[in-house]
Amino acid sequence: MCGDADSAGAQPIIIAHLQARSTVIDSLLERKIEKRPDKVRLQGRILFLTEDPELIKRQLAGEDLPWDTKNPANNPKLRDDISTDEITPAHYCFYFDETLGEVPYLGLKCGSVTPIGRGDVKRGGFVCAVSGKRRGKGSSREQSPYAEMCAGIRVVIAENIERIYKQNCQNLGLLTSTNFSLIGRIRGGEQIALSEFTAGEDEITRQVIEYGGLFPFNVARMQGKVFLPAIRTEKHDMTVTEKIFARHMINGDGEKNEKGAVGVASVKPGDTGFARADLRFSHEYVTPMAAIFFEHYVGKDAKVNDSTSVIFFRDHLTFLDEVISEEKKKLGLLDLATQLKLKQQDFAKKQGIRLHGELTDRKGSEGICHSIVLESYALPGQLNIGSDSHTPHVGAIGCVAFGIGTTDVFNSWITKDVRVKVPESVKVIVRGKRHANVTAKDFILKILSLDYVRSGKALAKVMEYAGEAIEELSVDERATMTNMAAEIGGFTGIVAPDKKAVDFLVERRGVERAKAEAMIEGLYSDPGAQYAHVIELDAAQITPMVATPGDPGNGKYVRDLNTPVPVEIAYGGTCTAGKNEDMDMYALVLADALKHGKRVADSVKFYIQFGSQETREYCVRRGYLDIFQKAGAHVIEPSCGACINAGPGVSTRPDQVVISAQNRNFPGRSGPGQMYLASPLTVAASAVAGYIVEHEPSEKRELVGA
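**Student:** Would you mind showing me how to read unusual backbone geometry here?
**Tutor:** Where the residue is not glycine, phi is negative for most of them; where a peptide bond is considered, it is trans in most cases. Unlike most non-glycine residues, Arg134 shows phi in positive territory, near 55 degrees. Along the polypeptide, Arg134 turns up in the loop between strand 3 (126-130) and helix 5 (143-150). We classify Arg134 as buried; its relative accessible area is 3%. One non-glycine residue, Asn645, lies in positive phi territory at about 60 degrees. Inspection of the secondary structure assignment puts Asn645 in the loop between strand 24 (634-636) and strand 25 (657-660). Overall, the relative accessible area of 22% leaves Asn645 in the partly exposed class.

Structural data, given as structure tokens:
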């Protein structure tokens, strides 16, 4: 572990919440735990992550960049939208130890250049890294701030910081700030009051920072040394999300924290505490690191609390061996990926945890975690947490579900709870009737292109989707909307459950209708519920969209592309676009092409990847496999695959153009090529045409299964 042992992990425990008190817990009660000093001196250099790669190279060579904190306009432009994919590219997340200190910012792209090499940051003696807007967007991987810490970074400064990344920093003990005046004080070697980094934070977060991370905070929590505020919000009209949080918040009793009952009368944005989770899941990118933290800080013989509500998935790296480069193989990365799989298998067996793993009769997995959780586990009104930023997927049936990092994962294995600050909500109302070639993906790409989202104003807020056009969407399509709340940088996405959610539970899950109807009772936003912002869109004004390469927020209408954009690869799959109704769309377009004597263009490779075995079986029943094969599409068993640069469909050249139905097109995420995001209809139509086009339905045609 890098840094102080007490700041590298997290383990909040309320003894009353444990099913059994073990000698391991007794030993933690006796552990000496202290707060950080009131003042910190951050000794080292400052790395400015600028848009100009030459300025970064000069800093790595030893030059300290001048920085005018009083006249910011005089300074070079900082990189905005630095994703965790750029901080730690996916294949480096196979490491789960101090080796990560060699790799921070290896994927950072400045123009067409990646100026930072392996070990550069660590060798440079940097203590602080500075960037622009929306730092840490994208994946919930805790490897990113952990890599920064292991390279010597002790504080990150940015204009605004994404929720999961910021919480991961706090959990590990990495300081964060949006106060650029600290730059001069760090350079001057001043002692800086710790209160500079806790200002504006809630009581719990303040204490987590003061104790140097979530693990020491929660040892102090066990020992009765910390203050947990009671939630005494008066009854008022709440959003559907607030209602679900109210049901799940653990009701402490101020400083005594004796009650420990689950559920409070009301909550409001800003209320803080711990929420009891109905379901906790993780996949092979995160489980091994969390297991090592668990064994190191809690004990090798300690047992997970209620293993029946914990699920593991082997869904990210099933096809990695087909696309990993020889260079990466020589670095041992394929072997490391295998170790991730084996560690998860061993821990699952030891703990008696259900693992949805690889297929035994053919290559592939049982399914992507989000797909399986929606199909088999999540229920309206639940609170679910997962080790992936796309955990909000199941908000489509009225769950509050959100992504967490490694430290929060292993904490939840002990207590079944998670630290939360009740978020504000943004209501997104999509009115009217959509065009036949417009899908939920077009809606979300439009929302992502709005200034309110691109400026970071939606960060850490709940995206609540409503309006006639949303109500008309199936649960599968709603899941596209809630899933991509992650790209917005939102806390989660949710649709208040209705008859369509009930029908989904009855038809897809076998739930008795009366039980399903009882589950959704009261799960709606009250008339007087308060919202931080309301976005209103007219579905009739939205035509098929694409997000141009570099960011999901680069949305524009297909018809506004200035020149035809030829494509070499078309990809339909992932959690976002590997669902039953997505398959309906691919089949619709390809069946129509076959009817008119066409198939996938010779210049294009079109990959269709199922999100789960349930979806594959659905395609078999509907005869889609035959359509896909005759039309020239390559069908792939379930896995995250190309979306995480780990399966067929990835680009291999910088000039290669890809059109994909996945959720992200950050630089380098799915290979070096130019990736456009689009709906399943647009992806399939473009695969047939050979360049990016709208799907053009006939007057009589309707979406299959819509």
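Continuing now.
**Student:** How should the packing of helix 12 (residues 287-297) against helix 17 (residues 406-415) be read in this particular structure?
**Tutor:** When two helices pack together, their arrangement is given by the angle between the helix axes and the distance between those axes. At a minimum axis separation of 9 Å, helix 12 and helix 17 run at an interaxial angle of 55 degrees. With respect to their mutual orientation, helix 12 and helix 17 come out oblique. The two elements helix 12 and helix 17 meet at a crossing, and its hand is right-handed. Facing Thr287, Met289, Ala290, Ala291, Phe293, Phe294 and Tyr297 of helix 12, the residues of helix 17 in contact are Thr406, Thr407, Val409, Phe410, Trp413 and Ile414. The class makeup of the residues in the contact of helix 12 with helix 17 is 10 nonpolar, three polar and no charged.

**Student:** Mind showing me how you'd approach the nonpolar core here?
**Tutor:** Taken as a class, soluble globular proteins show a tendency for nonpolar side chains to be buried jointly. Residues Tyr105, Phe245, Phe402 and Trp413 are the most contacted members of the largest nonpolar core, which totals 125 residues. Per element, the largest residue contribution to this core is six residues, and it comes from helix 12. Once residues within four sequence positions are removed from consideration, Trp413 is found in contact with Arg280, Ser282, Thr287, Ala290, Ala291, Phe294, Val304, Asn305, Val310, Phe312 and Phe347.

**Student:** What exactly am I supposed to notice about the sheet that holds strand 5 (residues 175-177) here?
**Tutor:** Strand pairing within a sheet occurs via backbone hydrogen bonds; the two strands may be parallel or antiparallel. Strand order across the open sheet formed by four strands is 2-3-4-5, with parallel pairing between neighbours. The open sheet has two edge strands, strand 2 (45-48) and strand 5, and neither has a second partner. Strand-to-strand twist in this sheet, taken as the mean axis angle between neighbours without regard to direction, amounts to 20 degrees.

**Student:** Would you take a moment to explain helix 15 (residues 333-351) for this structure?
**Tutor:** Residues separated by three or four positions in an α-helix point in the same direction, a consequence of the helix having 3.6 residues per turn. If you check helix 15, its first and last C-alpha atoms are 27 Å apart, about what 19 residues at 1.5 Å a residue would give, namely 27 Å. If you check which residues of helix 15 are buried, you get Leu333, Ala337, Leu340, Gln344, Phe347, Ala348 and Gln351. Each buried residue of helix 15 sits inside an arc of 105 degrees when the element is viewed along its axis, so together they form one side. Set apart from the buried face of helix 15 by more than 90 degrees, the exposed residues are Asp335, Asp346 and Lys349. Positive backbone phi, approximately 70 degrees, marks Gly352, located one or two places after helix 15.

**Student:** Would you explain the sheet that holds strand 10 (residues 279-283) in this entry?
**Tutor:** With respect to topology, five strands assemble into an open sheet ordered 12-11-10-13-14, the strand pairing being parallel. Looking at the sheet topology across the chains shown, the edges are occupied by strand 12 (354-356) and strand 14 (400-403). Within the sheet, the average angular offset between the axes of one strand and its neighbour, ignoring direction, is 20 degrees. Examined bridge by bridge, strand 11 (residues 310-313) and strand 12 share three bridges and lie parallel to one another. For Ile311, the partnering residue across the bridge sits in strand 12 and is Arg354. Along the sheet, helix 15 makes contact with strand 10, strand 11 and strand 12, crossing strand 11 at roughly 155 degrees. Along the sheet, helix 17 makes contact with strand 10, strand 11 and strand 13 (383-386), crossing strand 10 at roughly 140 degrees.

**Student:** What is the right way to look at the environment of Gly367 in this model?
**Tutor:** With respect to the helices and strands, Gly367 occurs in the loop between strand 12 and helix 16 (369-377). In this structure Gly367 comes out as buried when scored by relative accessible area, which is 0%. For the pair formed by Gly367 and Tyr465, sequence separation is 98 residues and the distance between their alpha carbons is 26 Å. Setting aside chain neighbours within four positions, we find Gly367 in contact with Phe313, Asp315, Ile372, Gly611, Ser612 and Pro638.

**Student:** Looking at this model, I keep getting lost on the side chain of Asp526. Mind explaining?
**Tutor:** With respect to the element layout, Asp526 can be found in the loop between helix 24 (513-519) and strand 19 (533-538). At 2.9 Å, the side chain of Asp526 forms a polar contact with the side chain of Lys243. Here Asp526 is in contact with His236, Asp237, Met238 and Lys243, once residues within four sequence places are set aside.

**Student:** I'm lost on the packing of helix 26 (residues 580-595) against helix 27 (residues 613-622) in this one. Help?
**Tutor:** Interhelical geometry of helix 26 versus helix 27 gives an angle of 40 degrees and a closest axis separation of 9 Å. Classed by the angle they form, the pair helix 26 and helix 27 counts as oblique. Where helix 26 crosses over helix 27, the two elements pack in a sense that is right-handed. Facing helix 26, whose interface residues are Asn580, Met583 and Asp584, helix 27 presents Thr615, Tyr618, Cys619 and Arg622. In the contact of helix 26 with helix 27, the residues fall into three nonpolar, two polar and two charged.

Conventions adopted
- Along every chain, residues carry numbers that run from 1 in the direction the sequence is written.
- Residues qualify for local features only when their pLDDT is at least 70, as the model is predicted, and side-chain atom pairs are given and counted only at 80 or more; totals for whole chains, interfaces and linings, by contrast, use all residues.
- Neither water nor hydrogens contribute to the side-chain values; these are computed over all heavy atoms in the structure.
- Only DSSP runs of H or I reaching four residues or more are called helices, and only runs of E reaching two or more are called strands; each is numbered from the N terminus.
- Whether a residue is buried, partly exposed or exposed follows from its accessible area with a 1.4 Å probe, protein chains only, as a fraction of its type maximum: under 20%, in between, or over 50%, in that order.
- Only C-alpha atoms enter the line fits that serve as axes; for helices the fit covers just the stretch in contact. Angles between N-to-C directions range over 0 to 180 degrees.
- If an angle is under 35 degrees, it is roughly parallel; if it is over 145, roughly antiparallel; if it lies from 65 to 115, roughly perpendicular; otherwise it is oblique.
- Crossing chirality is assigned from the near helix's rotation relative to the far helix, an anticlockwise turn below a right angle marking it left-handed and a clockwise turn marking it right-handed.
- For this analysis, residues touch if any pair of their heavy atoms sits within 4.5 Å.
- Residue classes follow a fixed rule: Ala, Val, Leu, Ile, Met, Phe, Trp, Tyr, Cys and Pro count as nonpolar, while Asp, Glu, Lys and Arg count as charged, and any other residue, Gly among them, counts as polar.
- Nine residue types can take part in a nonpolar core, namely buried Ala, Val, Leu, Ile, Met, Phe, Trp, Tyr and Cys, and a core is a set of them joined through side-chain atoms within 4.5 Å.
- Pairing between two strands is assigned when DSSP locates at least 2 bridges connecting them.
- One less than the residue count of a helix, multiplied by 1.5 Å, gives the span that helix is expected to have.
- Directions from the helix axis toward the C-beta atoms define the arc.
- Here a polar contact is recorded for every N or O atom pair within 3.5 Å, except that within protein the pair must consist of a potential hydrogen donor and a potential acceptor, and residues adjacent in sequence are included only if both atoms are side-chain atoms.

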